[in-house]
Amino acid sequence: MKQQEIIELSTNELVEKLDEWQNQLIKLKINHSISPLDNPSKIKVHRRTIARMKTELRRREISASKSVE
């Protein structure tokens, strides 16, 4: 998922997607520990996408707190 796609999501959608991606990452890690994945770089892609989502949520949280003040 690209940064622009993440920015376009609403906050509720972003939280749902974040939860979904985190669950997928856990499943990938478990599957990889049992038998090697065909493409282990998927784990890295999921980890970075999760980080992008968390960063966007934090940015929105900060901008919301500034607008309240």
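Refer to the structure printed above.
Remember, it's a predicted structure, so these values are computed and weren't measured experimentally.

A. Broad picture of the overall build of the protein. A count of helical and extended segments in the protein gives 3 helices and 0 strands. Counting from the amino terminus, helix and strand elements in the protein follow one another as α-α-α. Computed over C-alpha atoms, the radius of gyration of the protein comes to 15 Å, more than 25% over the 11 Å expected from 2.2 N^0.38 for 69 residues, which places it beyond the range of a compact globule. In terms of overall dimensions, the protein has C-alpha extents of about 50 × 20 × 15 Å along its principal axes. Scored against the burial criterion, the 69 residues of the protein give a buried share of 22%. Long-range pairs, those at least 24 residues apart, make up 65% of the contacts in the protein with a sequence separation of at least 6. Summing over all exposed atoms, the protein offers an accessible surface of approximately 5,300 Å²; the carbon and sulfur share of this is 52%.

B. Broad picture of the environment of Lys54. Position of Lys54 relative to the elements: it lies in helix α3 (residues 41–68). Classification of Lys54 by relative accessible area gives partly exposed; the value is 44%. As for Lys54 and Leu28, which are separated by 26 residues in sequence, their C-alpha atoms are 19 Å apart. Excluding anything up to four places from it in sequence, Lys54 contacts Leu18 and Gln22.

C. Focus on helix α2 (residues 11–34). The first and last C-alpha atoms of α2 sit 35 Å apart over 24 residues, in line with the 34 Å expected at 1.5 Å per residue. Within α2, the full set of buried residues consists of Leu14, Leu18, Trp21, Leu25 and Leu28. Of the surrounding elements, those touching the buried residues of α2 are α1 (3–8) and α3.

D. Local environment of the pattern of salt bridges. In total, this model carries 3 salt bridges according to the counting rule given. Note that Arg59 is salt-bridged to Glu56, the shortest N-O span being 2.4 Å. Here Arg59 and its partner Glu56 are both found in helix α3, 3 residues apart, which amounts to about one turn of the helix. According to the relative accessible area criterion, Glu56 is buried, its value standing at 2%. Taken together, the salt bridges that share partners define one network made up of Glu56, Arg59 and Arg60.

The rules behind these values
Position numbers for residues count from 1 along each chain, tracking the sequence in the order it is written. Only residues with pLDDT of 70 or above have their local features reported here, since the model is predicted, and side-chain atom pairs are shown and tallied only from 80 upward, although totals for entire chains, interfaces and linings are computed over all residues. Each side-chain value is derived from all of the structure's non-hydrogen atoms; neither hydrogens nor water enter the calculation. Put simply, DSSP H or I for four residues or longer makes a helix, DSSP E for two residues or longer makes a strand, and each gets a number counted from the N terminus. With C-alpha atoms as the basis for the radius of gyration, the globule rule is written as 2.2 Å multiplied by the number of residues raised to the power 0.38. When accessible area is computed with a 1.4 Å probe and restricted to protein chains, residues below 20% of their type maximum are described as buried, those above 50% as exposed, and intermediate ones as partly exposed. In what follows, residue pairs with any heavy atoms lying within 4.5 Å of each other are defined as contacts. Accessibility throughout is a Shrake-Rupley quantity obtained with a 1.4 Å probe, and a residue counts as covered only by protein chains that appear here. Expected helix span is taken as 1.5 Å per residue step, with the number of steps being one fewer than the number of residues. In what follows, salt bridge is the name for a side-chain nitrogen of Lys or Arg lying within 4 Å of a carboxyl oxygen of Asp or Glu.

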